[in-house]
Amino acid sequence: GLTLALLIVGGIAYMPVVVVATLVSRQLLPLVPIPPTAALTAALVVAVGYAGAAGILRHVLRFDRRLQHTRDVVMLIIAATIGAGFVALGFVTTYAAEGVISWADFRTAALQFWLGDAIGAVVFTPLLLVLLEKLRDGGLAVRRRNWFGILEIVAQWASIGGALALVFGFHHDRYSFQLFYFLFLPLVWIATRRGLGGASWAVFTIQAALIATLEFEEKSGERI
């Protein structure tokens, strides 16, 4: 998401930054040993793939990064999803060719990589673009609110916590996926009242909480 936002705002001039950042992340967070050639090729795949998506948005589709129209939000989601698909194919192909993963696992690895990157881009990129626009307009200054507005904000974020508690409070397999629909309730409420900016923050909060909770449960299961 940060990569796509950076390339949308700054253009292809920031491709070297993306390459370096990808190489550093693979060194700091290595899941498996990675040969230098595979790491460099994969980093180039990421940079070229998302630079292509950003370039199409900027120069072909006349994308407005202020996201003031539904058309721009839809184009961003589609471009992020398709771009993530191309990056996933190139990235996993590189790893399979270098023997990091087996070709038998290619389909599963590519699908997981695609879904992970697509979700990350859809969650983070709109939020980052909205924040950038707010910064440019000086809109991050603290504004005075009445008590009702403050209570509503507290209630909205508390509703996210309540929905997450409801989802993860049931450990029966029968309900494990069905209860995730409860997360849409606070999201719809916040989006209706706060617009794209509020919806972006809500999606980010939900995603971060899901990752943190699942990571905690996985580590708790390992300790047990």
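An account of the accompanying structure is given in this report.

What counts, and at which threshold
Residues numbered from 1 in each chain as written. Predicted model: local features only at pLDDT ≥ 70, side-chain atom pairs only at ≥ 80, totals over all residues. Heavy atoms only, no water. Helix = DSSP H or I, 4+ residues; strand = E, 2+ residues; numbered from the N terminus. Contact = heavy atoms within 4.5 Å. Patch = residues over 30% accessible without salt bridge, like charges linked within 9 Å, V, L, I, M, F, W, Y side chains within 5 Å. Areas by Shrake-Rupley, 256 points an atom, 1.4 Å probe, with all protein chains shown as cover. Salt bridge = Lys/Arg side-chain N within 4 Å of Asp/Glu carboxyl O. Buried < 20%, exposed > 50% of the residue type's maximum accessible area, 1.4 Å probe, protein only. Axes fitted to C-alpha atoms, helices over the stretch in contact; angles between N-to-C directions. Parallel < 35°, antiparallel > 145°, perpendicular 65-115°, else oblique. Left-handed = near helix turned anticlockwise from the far one by under 90°.

Let's talk about the environment of Thr 93
Looking at the element boundaries, Thr 93 is found in helix α4 (residues 70–97). Thr 93 sits ten residues away from Trp 103 along the chain, and the two C-alpha atoms are 8.5 Å apart. Leave out the neighbours within four places in its chain, and Thr 93 touches Trp 103 and Phe 106.

Examining a nonpolar patch on the surface
A contiguous nonpolar surface patch, about 420 Å² in accessible area, is contributed by Val 20, Val 24, Leu 28 and Leu 29. Residue position: Leu 28 is located in helix α2 (residues 15–28). Exposure remark for Leu 28: the relative accessible area of 64% places this residue in the exposed category.

Some points on the packing of helix α1 (residues 2–10) against α2
The relative placement of two packed helices comes down to the angle between their axes together with the axis-to-axis distance. Viewed as axis vectors pointing N to C, α1 and α2 meet at an angle of 165°, and their least axial separation amounts to 10 Å. Compared by their axis directions, α1 and α2 come out roughly antiparallel. Note on packing geometry: the crossing formed by α1 with α2 is right-handed. Seen from α1, the contacting residues are Thr 3, Leu 6 and Leu 7; seen from α2, they are Met 15, Val 17 and Val 18.

Considering the pattern of salt bridges
Inspection of the entire model under this criterion finds four salt bridges. For the salt bridge of Glu 152 with Arg 193, the shortest nitrogen-to-oxygen distance reads 2.6 Å. Here Glu 152 is found in helix α6 (residues 147–169), whereas its partner Arg 193 is found in helix α7 (residues 184–223), with 41 residues between them in sequence. Salt-bridge contacts for Glu 152 lead to Arg 194; the nearest nitrogen and oxygen are separated by 2.9 Å. In this pair, Glu 152 sits in helix α6 while Arg 194 sits in helix α7, placing the two residues 42 residues apart along the sequence. Looking at Arg 194, the relative accessible area reads 30%, which means it is partly exposed. What emerges from the salt-bridge pattern is a single network uniting Glu 152, Arg 193 and Arg 194.

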